[in-house]
Amino acid sequence: MPNILVMRPGDANEVAEAYRVAVAQTHRPVAMVLSRQAAPTLDRAKYAAASGVAKGGYVLADAPGGKA
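Residues numbered from 1 in each chain as written. Predicted model: local features only at pLDDT ≥ 70, side-chain atom pairs only at ≥ 80, totals over all residues. Heavy atoms only, no water.

The subject of this paragraph is the overall build of the protein. Looking only at helices and strands, the protein has 1 helix and 2 strands in total. Helices and strands in the protein line up, N terminus first, as β-α-β. Along the first, second and third principal axes, the C-alpha atoms of the protein reach 40 × 25 × 20 Å. (Helix = DSSP H or I, 4+ residues; strand = E, 2+ residues; numbered from the N terminus.)

What follows is the structure in structure tokens.
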């Protein structure tokens, strides 16, 4: 489908942010791919903020030793 926005959030915080982005879309359809499995909610004090979802992608955490 042309011009569709597909979002696959990884935890509950990202679902909330993805929903905010989806509601703001007025000119294209949005598909959210969610899991029915129990997924842990990440500690956002240790990892990056979920607000990076609005950018389309973000670095959750740097690799140990600085090398990806």
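The structure having been displayed, the exposition proceeds.
Let us look at the nonpolar core. By size, the foremost hydrophobic cluster in this structure holds 5 residues: L5, M7, A18, V21 and V53. For this core, the secondary structure elements donating two or more residues are β1 (5–7) and α1 (12–24). Discounting residues that sit within four places of it in the chain, A18 has contacts with M7, P9, M32 and V53. (Core = buried A, V, L, I, M, F, W, Y, C linked by side-chain atoms within 4.5 Å. Buried < 20%, exposed > 50% of the residue type's maximum accessible area, 1.4 Å probe, protein only. Contact = heavy atoms within 4.5 Å.)

This next bit is on the side chain of D11. Among the secondary structure elements, D11 is positioned in the loop between β1 and α1. Within the structure, D11 has its side chain in polar contact with the backbone nitrogen of L42 (distance 3.1 Å). Excluding residues that lie within four positions of it along the chain, D11 makes contacts with P40, T41, L42 and R44. (Polar contact = N/O pair within 3.5 Å; in protein donor to acceptor, adjacent residues only side chain to side chain.)

This paragraph deals with the side chain of E17. Locating E17 in the fold gives a position in helix α1. For E17, the side chain forms a polar contact with the side chain of R20, separated by 2.5 Å. Not counting chain neighbours up to four residues away, the residues in contact with E17 comprise A50, S51 and V53.

With that settled, the discussion passes to α1. Compared with an ideal rise of 1.5 Å per residue, which puts 13 residues at 18 Å, α1 spans 19 Å between its outermost C-alpha atoms and is within 8% of the ideal. Burial in α1 covers these residues: E14, E17, A18, V21 and A22. Down the axis of α1, the buried side of the element spans an arc of 140°, and every buried residue falls inside it. Projecting away from the buried face of α1 at angles above 90 degrees are the exposed residues Y19, R20 and V23. Buried residues along α1 sit in contact with β1 and β2 (30–32). (Expected span 1.5 Å × (residues − 1). Arc of directions from axis to C-beta.)

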